[in-house]
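The chain contents come next:
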Amino acid sequence: MGNTVGTRSADLIDGVADVRSQLYPMLLDGQWVEAQEGGESEVTTPARRGEVIARVPASGANDVDRAVAAARRAQPAWAAEHFKVRSRALARIADDIEARAEELARLTALDTGNALRTQARPEVATLVDLFRYFAGVAGEVKGTVLPAGEGQLQYTRREPLGVVAAILPWNSPLMIAGFKIPAALVAGNTMVAKPAEDAPLSLLLLAEICQEHLPPGVLNMLTGRGRVCGNALVEHADVDKVSFTGSTEVGRLVAQQAGHRLAPTSLELGGKNPAIVFPDAVDDDLIDGLLLATRFHRQGQSCTSGSRLLVHADVHDEVMDGLVKKLGDLVVGDPLDEASDMGAIINETQFCGVRDYIADGCSQPGVKLALGGLPPSDGPLSEGYYHVPTVFDAVEPNWRIAREEIFGPVLVVTPWRDVDEAIRLANDTNYGLAAFVWSSDLNRALTTAHRIEAGWVQVNQGGGQVIGQSYGGVKQSGMGREVSLEGMLEGFTHTKQVNVRLSA
Ligand code: NAD
């Protein structure tokens, strides 16, 4: 098509009904194209029960071939640039993202159902920070020299892996793209990125912004189905690394397929994350921190959601009173409405899945439904995929709602008396992504943090990832680290050792 896409997101936001028949092309080798065989997918908004808002190409294996070939062609020249060139490009992209932040945020709200004020705008701000951070560390992609005597020069180079495939989820598409795209590019790789079927629009706009500052082929953004386009990327012989964020189920498949051809992978997968509250933790900040940790502002659709609250029995009632009140005050509604604290669940399948978990929780003997429950069946919230904040108390650790990742606004609460019991409960999961510990005794908090099997533990706070931190899971929450300089070096470069005999 070769067209530019300057006003498309604004069209989408201002007049959803006018654009239903519009096809938004994808970025391949610097061109905006349709799928070669003409396949398309509908994009829907969860705010209005899956109303169609756009169409995007459904790329096939031949489109993947073309994108990977373009990335391969572009890679040597991109890697050969002085690091300043890559740094400058990322910094300029950050400036442009910032300039178009509102557009990106509104598109994210429409696309994902995440509330504009509480989620979509902060997500774009994080994206800007990530591009700036990786622009800033561009010169750190460097090697070492071994003191091997005057007759030898023995040094290492940090070299890019080549072509990186990034497979992205729908829950925070921009932030997770920000974990991968600037990190891979700054190290001299080129990329083919694939948004999730449910949330491609904000990423197509991000690609549009990036493309202004990158040579053709350095970043390609292909829309398409996981089993087709995603699978073709994972199996492609010329993809040097697969960086995947999504469910543990698909992550396992990706690891198998990429492993078959011995391609490196990093996997950021699911979580069922504990939040342990000690009795001395109760203060004004605790409830706000716990609220942040639940990620209910994102409908609980976060892999790092502190979805299992393990609270000491002595403060259980006090904590529950405070938390239930705060969660009950959250305004659920249209993600584009400034008043909404919490938006919509991404699609019908997820909506029904969360509803089934709630029904299952309600049916457990002895369970106490402290807040919420099944979604409203009438009124404005029944017009979209809206769930309300739900809290189950007196939850037994062997129930499904305590063991499986619900990915919805559902918190399960289990009281404890002994710290060893709390840690046993915290670690009694196949997952190991994030955890939260609350205590005013730092010694106790840190000792506990060190005993928890998770890639990321926060003490006395519940917010999201911060720029430059190490981020990634253990156990079935994945492998590899992102967000930090170290993660970039480990994840997107390899070390080459060069040993030279010097003449006297
Ligand atoms: P998903 O696994 O269904 O999809 C993720 C991506 O994989 C999508 O782009 C999808 O199209 C693609 N895909 C699907 N099948 C594929 C296949 N056979 N081959 C290659 N690619 C394929 O996950 P989702 O529903 O989009 O996201 C929700 C899940 O992601 C949750 O489990 C959540 O915990 C996890 N998640 C993890 C993190 C993290 O950082 N650990 C962050 C966000 C989401």
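Because the structure is a prediction, the values reported are computed rather than measured.

**Student:** Got a sec to walk through the overall build of the protein chain? Specific residues and values, please.
**Tutor:** For the protein chain, the count of helices and strands is 16 helices and 20 strands. Taking 504 residues into account, the globule formula puts the C-alpha radius of gyration at 23 Å, and the protein chain, at 23 Å, falls close to it. Referenced to the eigenvectors of the C-alpha coordinate spread, the extents of the protein chain come out at roughly 75 × 65 × 40 Å. Each of the 504 residues in the protein chain was classed as buried or not, and the buried ones make up 58%. When contacts within the protein chain are restricted to residue pairs at least 6 apart in sequence, long-range pairs at least 24 apart make up 74% of them. Accessible surface for the protein chain amounts to roughly 19,500 Å². Of this, 49% is attributable to carbon and sulfur atoms. The distance from the centre of the 45 positive side-chain charges to the centre of the 64 negative ones in the protein chain is 6 Å.

**Student:** Please set out helix H2 (residues 61-80) residue by residue, giving values where relevant.
**Tutor:** Its 20 residues place the ends of H2 29 Å apart at the C-alpha level, agreeing with the 28 Å of an ideal helix rising 1.5 Å per residue. By the largest-angle criterion, alanine 74 marks the main kink of H2, which is about 35 degrees, and a proline, proline 76, follows within four residues. Every buried residue of H2 is accounted for by Asp63, Val64, Ala67, Val68, Ala70, Ala71, Ala74, Gln75 and Trp78.

**Student:** An account of the packing of aromatic side chains is requested, with residue identities and associated values reported.
**Tutor:** For the structure on display, the rule yields six aromatic pairs. Their ring planes at 80 degrees and their centres at 5.0 Å tell us that tyrosine 133 and phenylalanine 134 sit as a pair that is edge-to-face. Here phenylalanine 134 falls in the buried class, since its relative accessible area comes to 0%. Relative to tyrosine 385, the ring of phenylalanine 351 lies with its centre 5.6 Å away and its plane at 40 degrees, an arrangement referred to as tilted.

**Student:** How would you summarise the sheet that holds strand S5 (residues 145-146) if you had to cite specific residues and measurements?
**Tutor:** With respect to topology, three strands assemble into an open sheet ordered S5-S6-S20, the strand pairing being antiparallel. Strands at the two margins of the open sheet, each flanked by one partner only, are S5 and strand S20 (493-501). Where S5 and strand S6 (residues 152-160) come together, two bridges link them in antiparallel fashion. Bridge assignment links leucine 146 to a residue of S6, and that residue is glutamine 154.

**Student:** How would you explain helix H4 (residues 101-112) if you had to name every residue and give the values?
**Tutor:** If you check H4, its first and last C-alpha atoms are 16 Å apart, about what 12 residues at 1.5 Å a residue would give, namely 16 Å. Extensive coverage of H4 is indicated by the burial of nine of its 12 residues. All of the buried residues along H4 are Glu103, Leu104, Ala105, Leu107, Thr108, Ala109, Leu110, Asp111 and Thr112. One or two steps after H4, the chain reaches glycine 113, where phi turns positive at roughly 85 degrees.

**Student:** Can you explain the site of the ligand? Please cite residues and give values.
**Tutor:** The immediate surroundings of the ligand are formed by 27 residues, with Leu168, Glu197, Ser247, Leu269 and Glu405 found nearest. Residue tryptophan 170 places a side-chain N or O atom 2.8 Å away from an oxygen atom belonging to the ligand. Protein burial of the ligand: of its 840 Å² of free accessible surface, 90% is covered by the chains. Counting residues per element, the ones that place at least two in the shell around the ligand are helix H8 (226-235), strand S10 (241-245) and helix H9 (248-260).

Parameters at a glance
Residues numbered from 1 in each chain as written. Predicted model: local features only at pLDDT ≥ 70, side-chain atom pairs only at ≥ 80, totals over all residues. Heavy atoms only, no water. Helix = DSSP H or I, 4+ residues; strand = E, 2+ residues; numbered from the N terminus. Rg over C-alpha atoms; globule rule 2.2 N^0.38 Å. Buried < 20%, exposed > 50% of the residue type's maximum accessible area, 1.4 Å probe, protein only. Contact = heavy atoms within 4.5 Å. Areas by Shrake-Rupley, 256 points an atom, 1.4 Å probe, with all protein chains shown as cover. Lys, Arg positive; Asp, Glu negative; His and termini not counted. Charge placed at Lys NZ, Arg CZ, Asp CG, Glu CD. Expected span 1.5 Å × (residues − 1). Bend = angle between axes of the 7 residues up to and from the residue. Phe/Tyr/Trp six-rings, centres within 6.5 Å; stacked < 30°, edge-to-face > 60°. Pairing = 2+ DSSP bridges. Near = heavy atom within 4 Å. Polar contact = N/O pair within 3.5 Å; in protein donor to acceptor, adjacent residues only side chain to side chain.

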